[in-house]
Amino acid sequence: MDIGFIGLGGMGRGIAANLLKAGHRVVVWNRSQTPVHELVALGAEAAATVDETLRGTALFSMLADDAALREVLLDSGALGRAATGLVHVNLATISTALARELDERHAENGLGYVSAPVFGRPDAAAAGTLQVLAAGREDAVDRVLPLLAAIGQKTWRLGADPVRANALKISGNFMIAAALEAMGEAAALGQAYGVSPTELIEMLTGTLFAAPVYKNYGALIAERRYEPAGFKLRLGLKDVRLALAAGDAAQVPLPLASLLRDAMLEGLAAGDGDADWSVIARLAARRAGQPEGGERARFD
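Everything numeric in this text was worked out from a predicted model, so none of it was measured.

Here is what the cut-offs are and how they apply
- Residues numbered from 1 in each chain as written.
- Predicted model: local features only at pLDDT ≥ 70, side-chain atom pairs only at ≥ 80, totals over all residues.
- Heavy atoms only, no water.
- Phe/Tyr/Trp six-rings, centres within 6.5 Å; stacked < 30°, edge-to-face > 60°.
- Helix = DSSP H or I, 4+ residues; strand = E, 2+ residues; numbered from the N terminus.
- Buried < 20%, exposed > 50% of the residue type's maximum accessible area, 1.4 Å probe, protein only.
- Core = buried A, V, L, I, M, F, W, Y, C linked by side-chain atoms within 4.5 Å.
- Contact = heavy atoms within 4.5 Å.

A few points about the packing of aromatic side chains
Argument step 1. This structure, assessed with the given rule, holds four aromatic pairs.
Argument step 2. Ring centres of Phe 5 and Phe 60 lie 6.0 Å apart, and the angle between their planes is 10°; this geometry places the pair in the stacked category. Within this pair, whereas Phe 5 is found in strand S1 (residues 2–6), its partner Phe 60 is found in strand S4 (residues 58–61), the two being separated by 55 residues in sequence.
Argument step 3. Taking relative accessible area as the criterion, Phe 5 reaches 0% and is therefore assigned buried.
Argument step 4. Relative to Trp 277, the ring of Phe 231 has its centre 4.9 Å away and its plane inclined at 70°; by these criteria the two rings are edge-to-face. A residue pair is termed long-range when its members are at least 10 positions apart, and Phe 231 in the loop between helix H9 (212–223) and helix H10 (233–250) and Trp 277 in the loop between helix H11 (255–269) and helix H12 (280–287) qualify at 46 residues.
Argument step 5. Overall, the relative accessible area of 2% leaves Trp 277 in the buried class.

Details of the nonpolar core
Argument step 1. Of all hydrophobic cores here, the largest spans 59 residues; its most connected members are Phe 5, Phe 60, Leu 91 and Leu 148.
Argument step 2. Residue contacts for Leu 91: discarding those within four places in its chain leaves Phe 5, Ile 15, Phe 60, Ser 61, Met 62, Ala 116, Pro 117, Val 118 and Ile 151.
Argument step 3. Judged by nonpolar contacts, the second largest core, of 30 residues, contains Leu 244, Leu 260, Ala 275 and Ala 281.

Here is the structure:
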C-alpha cells in the first residue's frame, strides 16, 4: 500500500521501518529531520509537507499528544485536503474527547478513522512485537489489518467506536504507572531494612509478580537505569492526566491517579521529566531520605 507516516519519535521510527520491511511504500514527515533521513536510508520517501502524507491509501500518525495532533492535522486544515477514502490509523495515546472528535471529523470528510494505540516500548516497536488496540468502523479496520499485522504481535479488535481503544490504552497506562509507584515505595521500604532493591525486585518478580510490566520495569528500578528513557516521565504525566480527564467525563473517581499525578509533578520539579517514567521510584527513595545508589539499612 501507499502509506503516509507522521511522527518519527522513538516509537514512530521503528513502526515506519517495519512497514517498509513489509514491502509498503512509505512517505514520512517529521518536524526534526534526523529521523526522516534515517527512514529515507531504509527506503522511505521524505514529504516536504504534511499534505504529501495524505495522498495514499492510509495515513499512520504517532504524535506526542492532543495538542500536536490537533495542530498538525486539524488546525492546519490538512485533514480536509486528504485523498478521498484514505484511512487514518492513529497510534498515539490521546484523550477520549479528541478520539470522539476525530471520528466525527473524519466521517465529515469521507475518511476512515481507526484508533490504534499500542502497548510496548521502542524496542518492541522496532521488533514488530507491539500489542495493537484497534477500534473503528469494520470496513476501515479490515483495510488496515495487514498493516497492523506488520507492526505488532497481535491486533486486538475492540469494535466500531474508536474511543474504546483509547479508553483501554489510558486505563492500561494508568495501571503501569500505579505498578511503578508501588515498586518504588516497596523498594524504599525494603532498603530501609537492609534489603536491596535488586534482592527485592528479583524475588518478587520471580514469584508473586512474574509479569512483563513488573519484570521489565522492575529491572530498571533495581538497577536505577532511568536513562535513556524508553518512555519519558513527562509523557507518563500526560497519560495520567488523560485518565483523570476521562474519569471526570464519566464520573468515575480515580483517587490513585491523583496521587500519581502529584508524584510525577514532583519528578518534573526535580528535573526528572525526560528520564524514563520508572524514575518515579527515585522519588520514593528521596522521600525516605535514601541517597541515590545507597544500600545501607536505616534500621539494623
